[in-house]
Amino acid sequence: MTGAAPNLRLPAVHVLLDDAACAPLVAQYGREQTVSALRCVLDAARVRLVAGESADTAPGALLAALQERLRAANTSTLRPVYNLTGTVLHTNLGRALLPDAAVQAVVEALQWPMNLEWDIETGTRGDRDNLVEEQLRELTGAEAVTIVNNNAAAVLLMLNALGEGRDVVVSRGELVEIGGAFRIPDIMARAGARLREVGTTNRTHLKDYAECAGPETAMLMKVHCSNYAITGFTKEVTVAELAPLARERGIPLAVDLGSGTLVDLERYGLPHETTVRETIAAGADLVTFSGDKLLGGPQCGIIAGRKDLVAAIKKNPLKRALRVSKLTLAALAPVLNLYRAPDLLPERLTTLRLLTRPASAMRAAAEALVAPFQYAAGASYVVTAEAMTSQIGSGALPVDRLPSFGLAIRAQPGVKGNPLGVLERRLRALPRPVVGRIADDTLWLDLRCLEDHQRAAFTAQLADLREGARA
């Protein structure tokens, strides 16, 4: 004898829509979206009933499920996180954080029409590059600049505009690959330029460039090896050494700096990184660099250099395809203004403030967090405050490390399974996910990017971590 058929009767859609508790959802999310989500909720309940599972079919329970479904569907998947990886300019976490002045400028640009390509003085069409050109010329020593949406785009545009169908000479030791499998040879091929490799992986001489440069040479190009370092028996031709040959042959010399800092970092106690101004002063005709790395601004790529070469680049049809929006320019201008007061830069530029934080500041924060974090993590773990090292990130100064401090979490002996992986997932499941790194049987939480004003909120959500330990 078969069992009784399950009761599949559920409230009708129109009945639930007429419920007073549904009215706020319709007002917030609109009737069409609410109806669609409600049908999904009813279908899910019906599937469970058919499968013989229990399902709460009371109107209140169904409307609660509807509210949660609508909330989840309308929550952005782009979420703020705590970056405790120890990498300040973390590509996967959005690189540079903007200072307050830039944030406010973007908010205003979002709310108002702006003179993006309109000259207020003449009342005629303008050039969006002009909005920041004066500042960049002042800070770099370049004759002209143009802005595109990232540094990869800057390299692509430069090569296509000046090197399509012709030779571009690059040292074999500088044919780099950066994150996302972006390779100089590949981007050169896409730009239509012919790559001419010179030298060897570890040693390239001036005569190598001289022997290769000829009538079909469009450009001599140097690429900053920003994400690795070759040591030992090495030889590199500097910009200053290569510039006279470029001038003698009438061939432009271009340098892809990658991170591209605008100020000598040594004055702030950081390792030296060649600046854009130094590169142009050494004889580079064009320099490409990023806006969202060491510069500390929004994502963009900047091409700076000789006026005639920049003018030719701006005429290329790709320039329109790669141009930046008003939001990028609104954010970039205030950041560039901060560089006009370099003595105040560590206080005002978020990236530099994070890079120059003393280890003592992170140590104090770590020692204060040990007890609450230990309680939240649970008895399966041992939490200690320990010294560690941060890195700048995004390919900048890859072998240099910054003394830091943070939390080191290890599993208690005898705990089975993958306890560190479990804790790492629990941290990512917090209202504001916490991102650390696992290495050497330890979960490391570097506190360099957790500033003092953020610690209270960070500590408060540890209660959710404690609940996760009980589950």
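Here the structure is a predicted model, which is why all the values come from computation and not from measurement. (Residues numbered from 1 in each chain as written. Predicted model: local features only at pLDDT ≥ 70, side-chain atom pairs only at ≥ 80, totals over all residues. Heavy atoms only, no water.)

1. Quick notes on the pairing of strand E4 (residues 144-148)
- The buried count for E4 comes to five of five residues, which makes it a mostly enclosed element.
- Side chains Ala 144, Thr 146 and Val 148 project from E4 onto one buried face, and the interleaved Val 145 and Ile 147 project onto a second face that is buried too.
- Where E4 lies against strand E12 (residues 301-305), five bridges are found, and the strand directions are antiparallel. Within E12, the position partnered with Thr 146 by the bridge is Ile 303. (Buried < 20%, exposed > 50% of the residue type's maximum accessible area, 1.4 Å probe, protein only. Helix = DSSP H or I, 4+ residues; strand = E, 2+ residues; numbered from the N terminus. Pairing = 2+ DSSP bridges.)

2. Quick notes on the packing of aromatic side chains
- Summed over all chains, the structure comprises one aromatic pair.
- The interplanar angle of 90° and the centroid separation of 5.2 Å between the aromatic rings of Tyr 82 and Phe 458 together place this pair among those described as edge-to-face. Taken together, the residues Tyr 82 in strand E1 (residues 82-83) and Phe 458 in helix H19 (residues 455-460) connect sequence positions 376 residues apart. Accessibility assignment for this pair places Tyr 82 and Phe 458 in one class, buried.
- Over the ring of Tyr 375 we find Arg 466; its NZ or CZ atom is 4.3 Å from the centre of that ring. (Phe/Tyr/Trp six-rings, centres within 6.5 Å; stacked < 30°, edge-to-face > 60°. Lys NZ or Arg CZ within 6 Å of the ring centre and 35° of its normal.)

3. Considering the pairing of E12
- Within E12, five of the five residues are buried, leaving the element largely enclosed by the surrounding structure.
- On E12, burial covers both faces: Gly 301, Ile 303 and Gly 305 on one face and Ile 302 and Ala 304 on the other are all buried.
- Across five bridges, the pairing between strand E11 (residues 286-290) and E12 is antiparallel. Opposite Phe 289, over in E12, you have Ile 302 as the bridge partner.

4. Section: the packing of helix H3 (residues 31-50) against helix H4 (residues 59-73)
- Between H3 and H4, the least distance of the axes is 9 Å, while the angle of their chain directions is 120°. Between H3 and H4, the angle is such that the two are oblique. The hand of the H3/H4 crossing is right-handed. Where H3 approaches H4, its residues Gln 33, Thr 34, Ala 37, Leu 38, Cys 40, Val 41, Leu 42 and Ala 45 are matched on the opposing element by Leu 62, Ala 65, Leu 66, Arg 69 and Leu 70.
- By residue class, the composition of the contact of H3 with H4 is 10 nonpolar, two polar and one charged. (Axes fitted to C-alpha atoms, helices over the stretch in contact; angles between N-to-C directions. Parallel < 35°, antiparallel > 145°, perpendicular 65-115°, else oblique. Left-handed = near helix turned anticlockwise from the far one by under 90°. Contact = heavy atoms within 4.5 Å. Nonpolar A, V, L, I, M, F, W, Y, C, P; charged D, E, K, R; others polar.)

Any functional reading would require information that these geometric values do not contain.
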